[in-house]
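Topology and contacts: notes
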Amino acid sequence: MSTLNENITKLDGFLERFRDGGIMNRIAGQDVFGADGVFQNTSPVDKSYICDVAHGTAADIDAAANAASDAFAEWRDMPALQRKKILIKIAEGIEARAEEIALCECWDTGQTYKFMSKAALRGAENFRYFADQVVQARDGQQLQSPTLMNVTTRKPIGPVGVITPWNTPFMLSTWKIAPALAAGCTVVHKPAEASPLTARLLVEIAEAAGLPPGVLNTVNGFGEGAGKALCEHPKIKAIAFVGESATGSLITKQGADTLKRNHLELGGKNPVIVFDDADLDRALDAVIFMIYSINGERCTSSSRLLVQDTIREEFEAKLIARVNNIKVGHPLDPKTEIGPLVTEEHFNKVTSYFEIAKEDGATIAAGGVTVGDEGYFIRPTLFTNATNQMRIAQEEIFGPVLTSIPFRTEEEALEMANDIDYGLTGYVWTNDLTRALRFTEALEAGMIWVNSENVRHLPTPFGGVKASGIGRDGGDWSFEFYMEQKHIGFATGQHKITKLGAL
Ligand code: NAD
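Residues numbered from 1 in each chain as written. Predicted model: local features only at pLDDT ≥ 70, side-chain atom pairs only at ≥ 80, totals over all residues. Heavy atoms only, no water.

1. A short note on the overall build of the protein
Within the protein one finds 16 helices and 24 strands. In terms of C-alpha radius of gyration, the protein reaches 24 Å, essentially the compact-globule figure of 23 Å for 503 residues. Of all 503 residues assigned to the protein, the portion counted as buried reaches 57%. Across the protein, every contact between residues at least 6 apart in sequence was considered, and the portion connecting residues at least 24 apart equals 74%. Of the roughly 20500 Å² that the protein leaves accessible, carbon and sulfur atoms contribute 53%. (Helix = DSSP H or I, 4+ residues; strand = E, 2+ residues; numbered from the N terminus. Rg over C-alpha atoms; globule rule 2.2 N^0.38 Å. Buried < 20%, exposed > 50% of the residue type's maximum accessible area, 1.4 Å probe, protein only. Contact = heavy atoms within 4.5 Å. Areas by Shrake-Rupley, 256 points an atom, 1.4 Å probe, with all protein chains shown as cover.)

Written out as structure tokens, the structure reads:
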């Protein structure tokens with residue numbers, strides 16, 4: 001494992017080209033200036049300038065949507081095995097440049113090398129997994145009825161828009177773009193304005209792997225400009241969106257006139273419920289991992305701890321000791337566990353909850369402070385003596401901040417777990433099998449893990465209920481979004497056709 005200094009030197013080499021040339025939009029295989037000039041990209045580690053980024057607007061989106069539309073027929077009709085080969089080559093390209101992706105991602109977002117080195121490789125896994133699905137993606141069914149042989153087929157829906165957030169942006173982008181390409185769709189990608197570096201690397205890798213020009217286009221810019229225009233564009237048939245719940249609602253409104261199909265992966269305020277019969281050491285490890293890894297900037301984070309009152313004191317004491325021991329520091333230091341928050345705006349939002357917690361009457365049992373003033377660093381934070389009605393229990397803070405709430409009975413735990421707008425994930429810790437079955441049945445969440453942290457398995461459905469989203473990713477669910485089902489009925493005989501106007 002390389003040291004901090006070695007990583008800094010390597011990063012410097014990788015960033016040189018961005019400093020010199022900035023990041024251009026990539027449309028139809030060409031570098032294109034943004035219609036509205038450039039905006040500046042800075043690092044949350046020390047607030048330093050990284051590079052200029054093309055400021056794309058509706059005009060750039062129009063050019064990219066036209067490019068995606070022009071490239072669609074060729075990509076859709078390319079033999080499946082040929083498309084599969086290209087996707088595998090993209091996975092290989094990602095693996096070959098995994099270190100560059102990881103280091104750039106850390107510098108751009110403040111995420112730590114400890115986690116981003118794996119996230120880059122997970123991006124490659126996404127391409128490999130969906131490459132393996134390319135051939136069967138078009139498979140349909142044959143459904144026999146008395147008078148007809150009914151055949152269903154699937155076709156790619158057309159050019160699609162992919163809009164991604166700044167938390168683990170590379171991995172999340174591949175998660176959307178890989179199945180879209182595997183389905184035979186072409187893509188216009190609008191990455192988050194706060195984290196444009198690795199989206200650029202992805203389109204380069206894809207083109208070097210043989211992806212025809214125009215199949216993947218990248219337009220940088222802001223949500224209200226480029227993002228909105230993408231949702232409104234008539235040639236874009238669907239929007240795969242990952243981001244905040246409020247933005248998800250805007251995506252739906254913006255796509256209404258063009259009847260856009262939307263897949264929304266939104267926010268969460270996910271409960272982890274720890275019963276007193278659980279393996280408490282493992283529960284403790286998982287609780288800590290699921291809120292303090294990835295800077296807590298993770299939609300599936302377990303940001304609400306519901307802990308049974310019989311073990312609360314002991315569990316919280318161990319939690320406080322461990323949280324105070326978490327290493328905050330330079331994200332490129334492989335030993336660092338938490339890096340800086342992504343932007344000044346987000347830092348201000350997360351730190352505002354320190355005051356909110358106090359006003360609400362909760363206790364700051366760990367953290368609750370900023371670290372230095374070079375970048376956007378805070379200590380991992382734990383709020384105790386909280387109730388489920390407090391803002392710190394109801395609102396998505398999206399940082400390394402955990403709210404601990406005691407409960408007495410299973411019924412009370414369930415009521416609190418469900419008493420929230422969100423419904424992305426839930427984590428249940430108990431050794432009582434019947435309780436686990438009963439509890440998971442009633443818990444309102446798209447994904448639940450029992451006696452486990454979040455372990456993603458790509459064939460399983462990923463997505464949320466309530467304000468956490470609409471639609472599912474993973475396995476065949478991804479293809480249901482990126483493809484149209486078609487039904488064709490063939491008469492198998494001379495069945496009776498009702499005659500009108502005949503005597
Ligand atoms: P955000 O909603 O502010 O931005 C996400 C993307 O949407 C960005 O690219 C942004 O430019 C774009 N955007 C903003 N306004 C837009 C508009 N009007 N039209 C079109 N595009 C627009 O989210 P964020 O702050 O970047 O990311 C953090 C959020 O993402 C959190 O709420 C987190 O829970 C959520 N998230 C969810 C999942 C999931 O799978 N459910 C995964 C990761 C992150």
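2. Quick look at helix H9 (residues 245-254)
The set of residues buried in H9 consists of Ser245, Gly248, Ile251 and Gln254. Considering only its buried residues, H9 is in contact with strand E7 (160-163), helix H8 (223-232), strand E10 (238-242), strand E11 (261-265) and strand E19 (422-423).

3. Focus on the site of the ligand
With respect to spatial proximity, 29 residues lie near the ligand, and among them Lys190, Glu193, Thr247, Leu266 and Glu396 are the closest. For the ligand, an oxygen atom lies 2.6 Å from a polar atom in the side chain of Glu193. Here an oxygen atom of the ligand and a backbone polar atom of Gly223 are 3.3 Å apart. Protein burial of the ligand: of its 850 Å² of free accessible surface, 92% is covered by the chains. Here the ligand occupies the largest pocket. (Near = heavy atom within 4 Å. Polar contact = N/O pair within 3.5 Å; in protein donor to acceptor, adjacent residues only side chain to side chain. 1 Å grid on protein atoms, 1.4 Å probe; cavity = no way out; pocket = protein on both sides within 12 Å on 5 of 7 lines; lining within 4 Å. Sits in = over half its atoms within 2 Å of the grid points.)

4. Examining the sheet that holds strand E18 (residues 401-407)
Sheet architecture is open: seven strands sit in the order E14-E17-E18-E13-E12-E20-E21, paired in mixed fashion. Looking along the sheet, the strands with just one partner apiece sit at the ends: strand E14 (363-366) and strand E21 (447-450). Averaged over all adjacent pairs, the angle separating strand axes in this sheet is 25°, with direction ignored. Pairing of strand E13 (residues 304-308) with E18 involves five bridges; the strand directions are parallel. Within the sheet, the bridge partner assigned to Leu306 lies in E18 and is Ile405. Against the sheet, helix H15 (residues 433-442) touches strand E12 (271-274), strand E20 (425-429) and E21, its axis set at about 165° to E21. (Pairing = 2+ DSSP bridges. Axes fitted to C-alpha atoms, helices over the stretch in contact; angles between N-to-C directions.)

5. A few points about the nonpolar core
Counting 103 residues, the largest nonpolar core has Phe127 and Val274 as its most contacted members. For this core, the domains that each give at least three residues are domain 1 (4-266 + 468-487) and domain 2 (271-450). With residues near it in sequence (within four places) discarded, Phe127 still touches Leu87, Ile90, Ala91, Ile94, Thr174, Ile177, Ala178, Leu181 and Leu202. Membership of the second largest hydrophobic core comes to 28 residues, among which are Ala386, Val401, Ala417 and Phe439. (Core = buried A, V, L, I, M, F, W, Y, C linked by side-chain atoms within 4.5 Å. Domains from an automatic or database assignment.)

6. Concerning the domain arrangement of the protein
Partitioning the protein into domains gives domain 1 (4-266 + 468-487) and domain 2 (271-450). Relative to domain 2, the C-alpha centre of domain 1 lies at a distance of 30 Å. With 27 residues of domain 1 in contact, the opposing surface of domain 2 contributes 31 residues. Surface buried jointly by domain 1 and domain 2 totals about 2500 Å² across both partners, of which 65% is contributed by carbon and sulfur atoms. (Buried area = accessible area lost by both parts, 1.4 Å probe.)

7. Considerations on the pattern of salt bridges
Where charged atoms from two side chains of opposite charge approach closely, those side chains can pair. Under the definition given, this model contains 28 salt bridges. One salt bridge connects Lys466 with Glu444, and the closest N-O pair in it is separated by 2.6 Å. Placement of the pair is Lys466 in strand E22 (residues 465-466) and Glu444 in the loop between H15 and E21, with a sequence separation of 22 residues. (Salt bridge = Lys/Arg side-chain N within 4 Å of Asp/Glu carboxyl O.)

8. A short note on the side chain of Ser303
Looking at the element boundaries, Ser303 is found in the loop between helix H10 (280-292) and E13. On the basis of relative accessibility, which here comes to 6%, the residue Ser303 falls in the buried class. Look past the residues within four positions of Ser303 in its chain and what remains in contact with it is Lys269, Asn270, Ile291, Val401, Leu402 and Thr403.

9. A closer look at the packing of aromatic side chains
A full pass over the atoms with the stated rule returns eleven aromatic pairs. Measuring from ring centre to ring centre gives 4.9 Å for Tyr129 and Phe130, while their planes differ by 85°; the resulting arrangement is edge-to-face. Judged by relative accessible area, Tyr129 falls into the buried class, the value being 17%. Ring geometry for Phe481 against Tyr482: centres 5.0 Å apart, planes inclined by 80°, an arrangement best described as edge-to-face. Take Phe481: its relative accessible area is 8%, and that puts it in the buried class. Among the aromatic side chains, those forming a connected cluster through ring pairs are Tyr129, Phe130 and Phe479. Over the aromatic face of Trp75 sits the side chain of Arg83, whose NZ or CZ is 5.7 Å from the ring centroid. When the ring centre of Phe275 is taken as reference, the NZ or CZ atom of Arg435 above it lies at 3.9 Å. (Phe/Tyr/Trp six-rings, centres within 6.5 Å; stacked < 30°, edge-to-face > 60°. Lys NZ or Arg CZ within 6 Å of the ring centre and 35° of its normal.)

10. What about unusual backbone geometry?
Positive phi outside glycine occurs at Thr168, with the angle close to 40°. On the secondary structure map, Thr168 appears in the loop between E7 and helix H6 (169-183). Even without being glycine, Leu259 reaches a positive phi, approximately 50°. You can see Leu259 is positioned in the loop between H9 and E11. A relative accessible area of 75% places Leu259 in the exposed class.

11. Looking at the pairing of E21
Only one face of E21 is covered, namely the one carrying Met447 and Trp449; the face carrying Ile448 and Val450 has none of its residues buried. Two elements, E20 and E21, share four bridges in a ladder whose sense is parallel. Paired with Val428 across the two strands is Val450, which belongs to E21. Taking the sense of rotation as the criterion, the β-α-β connection linking E20, H15 and E21 turns out right-handed. (Right-handed = clockwise from strand over helix to strand, strands pointing away.)

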